[in-house]
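# A structural walkthrough
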Amino acid sequence: MDYQLIWVLLIAVAVFSYVTLDGFDLGIGILFPFIKDPKNRGRMMNTVAPVWDGNETWLILGGGGLYAAFPLAYSLLMTAFYIPVFTMLLALVFRGVAFEFRFKSKNHQKHWDFAFSAGSIIAAAMQGAMLGGFIEGIAVENGRFVGGAFDWLSPFSIFCATAVVVGYALLGTGWLIMKMEGDFQGNLRKLAKPAVIWMAANLGVVSLMTTYVNPVYAQRWFETPNIFYLAPIPLVTVGLLYWLWHAVKKREKTVFGITLGIFFLSYLGFGITLFPNIVPPVITFRDAAAPENSLAFMLVGAAILLPIILGYTAYAYWVFRGKTGDEGYH
Amino acid sequence: MASLKPHIKSPKTRRWLWFVGLYVGGVVVLGAASLLLRALMGQA
């Protein structure tokens, strides 16, 4: 059994689950500056109150899995992204605390709203900046990080940061359109339209710049016969964006579903671009893997725990399905 | 002398252009600042 491949796929699934699940609840914080009414802000938070912390489980699973299964990759990535990782974690702390305090605080609700919104925007931006830094590559020599603390910071990573913030905002809008009704839902639809255009433009620019960053990436996508096999990914993405543009006007659940589809195809494209590198541009997942015995041992634990995590996650979403009323969960 | 009156009359188009300009300008300015910071740190 190819334990290395199984583990890299497991971690990829965990990271994608985190990006989409925490993505939409970060998106709700990103949308806060556009929604002024405190009552509507409370309703927005109530839609994710039962699930937001469960969504972050996947970040732990992705990070913990990387540490255990690919320790070399973990050490290199944590060293290279030390500043954005800790900024992101601090932002998530502010955001998490704001969830509970906002509902209790009478005099300082505005401050907690700011903490929630700024925490969401900063966490999303740091994830985008790391994505950009990751695509641009990590300076590694003899299995050690030889770059600087700000290597991740570049015009490309700043652009990726804005792209992730916009992408999460659109996910959040899709989620809220599904959970809200009436006038507020109409306002959300108005917000979604420019977000679709903005995300489409960002996706195009990031995709093209990724192929420009490293000639190997361009070869993978544009050489024959790859171009014929891989062309459906961008073409279907364009089709989904077109469908999304129309769905925003009248559909409820479809907006969120299509946005998830666009995220999936973008993530797939990202994986195809970088595979088999786990620390671009040179360290592959096989170079970075822990010994086979360790991977096999951990797989037993994952085989028991993953169904439990999936089970309680699905149960939570099932219990809190449908529209979120005004009474909320706090 | 060129007229100072705006050529684009539609408020919607003007808003979009302002937004795109500020967004692209913001990324360029922040990008340049990031490169400057890395140069100052000796990491460029």
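Residues numbered from 1 in each chain as written. Chains lettered and ligands numbered in written order. Predicted model: local features only at pLDDT ≥ 70, side-chain atom pairs only at ≥ 80, totals over all residues. Heavy atoms only, no water.

## Some points on the overall build of chain B
The test is simple: Secondary structure follows DSSP: runs of H or I at least 4 residues long count as helices, runs of E at least 2 residues long count as strands, and numbering of each begins at the N terminus. A 1.4 Å probe and the Shrake-Rupley method give the accessible areas. Residues count as covered only by the protein chains that appear here.
Within chain B, the regular secondary structure consists of one helix and zero strands. For chain B, the exposed area adds up to about 3800 Å²; of that, 74% sits on carbon and sulfur atoms.

## A look at the interface of chain A and chain B
It is common to report an interface's size as the accessible area lost on association of the parts. We count it as follows: Whether two residues touch is decided by their heavy atoms; if any such pair falls within 4.5 Å, the residues are in contact. Buried area, as used here, totals the accessible surface that two parts lose on assembly, with accessibility defined by a 1.4 Å probe and the loss added over both.
Between chain A and chain B, the residue contacts involve 15 residues of the former and 12 residues of the latter. For the pair chain A and chain B, the summed buried surface comes to about 1200 Å²; carbon and sulfur atoms form 75% of the total. Summed over the three residues of chain A that lose the most area to chain B, namely F150, I158 and W198 of chain A, the buried surface amounts to 42% of that side. Elements with a minimum of two residues in the side of chain A that touches chain B: α8 (155-179) and α9 (182-213) of chain A.

## What about the nonpolar core?
Note the threshold: By nonpolar core is meant a set of buried Ala, Val, Leu, Ile, Met, Phe, Trp, Tyr and Cys residues that side-chain atoms within 4.5 Å join together. Any residue under 20% of the maximum accessible area for its type is buried, any over 50% is exposed, and the rest in between are partly exposed; the area is computed with a 1.4 Å probe on protein chains only.
Ranked by size, the top nonpolar core spans 107 residues in total, and within it W7, F70, Y168, I278 and V279 of chain A carry the most contacts. Excluding anything up to four places from it in sequence, Y168 of chain A contacts V19, G23, L26, G27, I30, A124, Q127 and F263 of chain A.

## What to know about helix α10 (residues 215-222) of chain A
All names here are of chain A. Rules: It is the directions from the helix axis to the C-beta atoms whose arc is reported. The term polar contact refers here to a pair of N or O atoms within 3.5 Å; inside protein, the definition further demands a hydrogen-donor-capable atom paired with an acceptor-capable atom, and it admits residues adjacent in sequence only when both atoms are side-chain atoms.
Within α10, burial applies to Y217, A218 and W221. Taken down its axis, α10 places every buried residue within 100° of arc, on the same side. Looking at the buried residues of α10, the elements they touch are α7 (109-136), α9, α11 (226-230), α12 (232-250) and α13 (253-274). In this structure N214 caps α10, since a side-chain oxygen of it lies 3.0 Å from the backbone nitrogen of V216.

## Some points on the pattern of salt bridges
Residue and element names in this part refer to chain A. Short version of the rule: Just to be clear on terms, a salt bridge is a Lys or Arg side-chain nitrogen sitting within 4 Å of an Asp or Glu carboxyl oxygen.
Counted by the stated rule, this structure contains six salt bridges over all chains. In this structure, D113 engages R102 in a salt bridge whose closest nitrogen and oxygen atoms are separated by 2.3 Å. You can see D113 sitting in helix α7 and its partner R102 sitting in helix α6 (residues 82-104), a full 11 residues away along the chain. Taking the relative accessible area as the measure of exposure, D113 reaches 5% and is therefore buried.

## With respect to the packing of α10 of chain A against α13 of chain A
Residue and element names in this part refer to chain A. The following threshold applies: All axes are obtained by fitting lines to C-alpha atoms, using only the stretch in contact for helices, and the reported angles, taken between N-to-C directions, cover 0 to 180 degrees. We call two directions roughly parallel when the angle between them is under 35 degrees, roughly antiparallel when it is over 145, roughly perpendicular when it lies between 65 and 115, and oblique otherwise. By definition, any crossing whose near helix is turned counterclockwise from its far helix by less than a right angle is left-handed, and any crossing with a clockwise turn is right-handed. Throughout, the ten residues Ala, Val, Leu, Ile, Met, Phe, Trp, Tyr, Cys and Pro are labelled nonpolar, Asp, Glu, Lys and Arg are labelled charged, and all others, Gly among them, are labelled polar.
Running from N to C, α10 and α13 cross one another at 115°; their axes reach a closest spacing of 9 Å. When the interaxial angle is binned, α10 and α13 end up roughly perpendicular. The crossing of α10 and α13 is right-handed. For the pair α10 and α13, contact is made by Y217, R220 and W221 and by G269, I272, T273 and L274, respectively. Of the residues assigned to the contact of α10 with α13, the class counts are four nonpolar, two polar and one charged.

## Quick notes on the side chain of N55 of chain A
Residue and element names in this part refer to chain A. Looking at the secondary structure, you find N55 in helix α3 (residues 52-55). Within polar-contact distance, the side chain of N55 engages the side chain of D25 at 2.7 Å. What N55 contacts, discounting residues up to four positions off in sequence, is Y18, L21, D22, F24, D25 and Y317.

## Quick notes on the packing of helix α4 (residues 57-69) of chain A against helix α15 (residues 292-319) of chain A
Residues and elements named next belong to chain A. Look at α4 against α15: their axes get within 12 Å of each other, and the N-to-C directions meet at 175°. Considering their axes alone, α4 and α15 lie roughly antiparallel with respect to each other. Residues T57, W58, L61, A68 and A69 of α4 form the contact with α15, whose participating residues are L295, M298, L306, I309, L310 and Y312. When its residues are assigned to classes, the contact of α4 with α15 shows 10 nonpolar, one polar and no charged.

## Looking at a nonpolar patch on the surface
Condition: Any residue with relative accessible area above 30% and no salt bridge may belong to a patch, with like charges joined within 9 Å and the nonpolar Val, Leu, Ile, Met, Phe, Trp and Tyr side chains within 5 Å.
Together, I197 of chain A together with W16, F19, V20, V24 and V28 of chain B line one region of the surface with nonpolar side chains, adding up to about 490 Å² of accessible area. Among the elements that line the nonpolar patch, the one with the most residues is helix α1 (residues 11-40) of chain B, at five residues. Mapped onto the elements, V24 of chain B comes out in helix α1.

## Focus: α15 of chain A
All names here are of chain A. This is how it is decided: In this scheme, a helix's expected span is set at 1.5 Å multiplied by one less than its residue total. To get the bend at a residue, fit one axis to the 7 residues ending there and another to the 7 starting there, then take the angle between the axes.
Here α15 contains 28 residues, and its C-alpha end-to-end distance of 40 Å stays within 8% of the 40 Å for a straight helix at 1.5 Å per residue. Bending of α15 peaks at approximately 25° at the position of A302. Where α15 is buried, its residues contact α1 (3-31) and α4.

## What about unusual backbone geometry?
Residue and element names in this part refer to chain A. Here the amide bond leading from T224 into P225 is cis, since omega sits at 0°, within 30 degrees of zero. By the secondary structure assignment, P225 is in the loop between α10 and α11. Residue P276 follows F275 across a cis peptide bond; omega there is 5°. Within the secondary structure, P276 sits in the loop between α13 and β3 (277-279).

## Comments concerning the confidence of the model for chain B
Where we set the bar: The predictor attaches a confidence to each residue, and that confidence, scored 0 to 100, is pLDDT.
Model confidence for chain B is summarised by a mean pLDDT of 83, while 82% of its residues fall at 70 or above. In the predicted assembly, ipTM is 0.75 and pTM is 0.92.

## Digging into the environment of A98 of chain A
All names here are of chain A. Relative to the elements of secondary structure, A98 occurs in helix α6. Take A98: its relative accessible area is 0%, and that puts it in the buried class. C-alpha of A98 to C-alpha of M78: the two residues are 20 residues apart in sequence and 27 Å apart in space. With residues near it in sequence (within four places) discarded, A98 still touches M45, W112, A115 and F116.

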